[in-house]
Structures are given as structure tokens and as C-alpha cells.
Amino acid sequence: MESEENKGSRFFFTIPAKKSDKVMKKNVLKTDEKFEYCILLVEDNKANQMFMGVVLKKLGIKYKIANDGVEALQAYKDDNKKYDLILMDENMPNMTGSEATKEIRKFEKENNLKSIFIVALTANALSGDREKFLEIGMNEYLSKPMNIDKLKNILRDLK
């Protein structure tokens, strides 16, 4: 450790480790599989929006972002035939994903619309959370950080 008053400190350490000839590969999303869908991504966190945008583009998916449940409900009401799927975060300002899902299901029932497939995409990963989301009207559940293979399985099942 080096420290100088009013200038700061520097810390050093050594970790004993064995040398390896193995090369670590970056965890890169590689896929030849493309899906021709349009998704409504409901997510308030800008970093998560950017990450999901990269994933969806790699999968060939068009998407629109709603920043909270209120925007999601309005986007769905404005153009419900446009979307094949909704990826719905739970913890958002103004209206949660659960509240938005209930309102979407109510709107569908009132207007005799076919139910859109809604996937909870949330950090809520406690025992019983999946069942809670399915009970309020969502069709599937993905926890964050998202498993891309599970998303691809859901997308394959939509076909």
C-alpha cells in the first residue's frame, strides 16, 4: 500500500495462481437462428434496454421499448396486432408489470381480442414467483440475468 495525504492511496496485491495454456473465450451471443417477430420490450432500466436490444437484433427480432407499464398498456392498445410477444419487467415506476398484464388481459377480454403471449422478464426469482406471474395472466417467466437459450426456446414455441 502507498498513501500520501491529500493525494490518495494505491493498493497492490498478488494472487498465487497456476499458469494455464487454456484460452478463455468471451461469452458472445452466436446464433444463426433468426425469428421474424415484433416484440414489445417493457423495461425501465436503460442498460437492460440496451442489452436486450443487442440480443433481439442478433435474433432478427424487431422491437419497440416501453419504459413502464403505462407505456406498455398504451402501446398495446394503440397497435395490438403489431406485436407477437411482450417481454414484461415487473419492478417499474408508474405501473408494475403485473398491473400492466392485468390491464392488457382486461382490454383483450373487453375487445374480444386473442391473448398476446406475455413473458415476465424480471429479477424476481424467489420460490413461487413464476407461479405468481402465471396466475396473474403471464404465459411464461424468465429471470434476470436472462438465459438466452430459454428465450430462444420460448420463441421457437411461438411458431
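Residues numbered from 1 in each chain as written. Predicted model: local features only at pLDDT ≥ 70, side-chain atom pairs only at ≥ 80, totals over all residues. Heavy atoms only, no water.

**What about helix 5 (residues 148-158)?**
Within the span of helix 5, buried status applies to Leu-151, Lys-152, Ile-154 and Leu-155. All buried residues of helix 5 project into a common sector of 160° when viewed along the axis, lining one side. The inward-facing, buried residues of helix 5 abut strand 3 (38-42), helix 1 (46-58), strand 5 (85-88), strand 6 (117-122) and strand 7 (140-143). Capping the start of helix 5, Asn-147 holds a side-chain oxygen 2.9 Å from the backbone nitrogen of Asp-149, two or three residues further along. (Buried < 20%, exposed > 50% of the residue type's maximum accessible area, 1.4 Å probe, protein only. Helix = DSSP H or I, 4+ residues; strand = E, 2+ residues; numbered from the N terminus. Arc of directions from axis to C-beta. Contact = heavy atoms within 4.5 Å. Polar contact = N/O pair within 3.5 Å; in protein donor to acceptor, adjacent residues only side chain to side chain.)

**Here we look at the sheet that holds strand 3**
Strand order in the open sheet formed by five strands is 4-3-5-6-7, and the pairing between neighbours is parallel. The strands lining the two open edges of the sheet, one partner per strand, are strand 4 (62-66) and strand 7. Across the sheet, the mean angle from the axis of one strand to that of its neighbour is 20°, orientation sign disregarded. Taken together, the five bridges between strand 3 and strand 4 define a ladder with parallel strand orientation. Bridge pairing in strand 4 places Cys-38 opposite Lys-62. Helix 5 rests against strand 3, strand 5, strand 6 and strand 7 of the sheet, and its axis sits at about 160° to strand 7. (Pairing = 2+ DSSP bridges. Axes fitted to C-alpha atoms, helices over the stretch in contact; angles between N-to-C directions.)

**What to know about the environment of Asn-147**
Relative to the helices and strands, Asn-147 resides in the loop between strand 7 and helix 5. Judged by relative accessible area, which is 33%, Asn-147 ranks as partly exposed. Among the polar contacts made by the side chain of Asn-147, one reaches the main-chain amide nitrogen of Asp-149 at a distance of 2.9 Å. From its side chain, Asn-147 meets the backbone nitrogen of Lys-150 in a polar contact 3.0 Å long.

**Structural notes on helix 2 (residues 69-78)**
Three or more residues of helix 2 are buried, namely Gly-69, Ala-72, Leu-73, Ala-75 and Tyr-76. In an axial view of helix 2, the angular spread of the buried residues amounts to 165°, which keeps them on one side of the axis.

**Overview of the packing of aromatic side chains**
Here the structure, examined in full by the defined rule, presents three aromatic pairs. With a centroid separation of 6.2 Å and 15° between ring planes, the pair formed by Phe-35 and Tyr-37 is classed as stacked. Note on Phe-35: relative accessible area 0%, which makes it buried. Here Phe-133 and Tyr-141 contribute two aromatic rings whose centre-to-centre distance is 5.8 Å and whose plane-to-plane angle is 20°, an arrangement assigned as stacked. The same class applies to Phe-133 as to Tyr-141, namely buried. (Phe/Tyr/Trp six-rings, centres within 6.5 Å; stacked < 30°, edge-to-face > 60°.)

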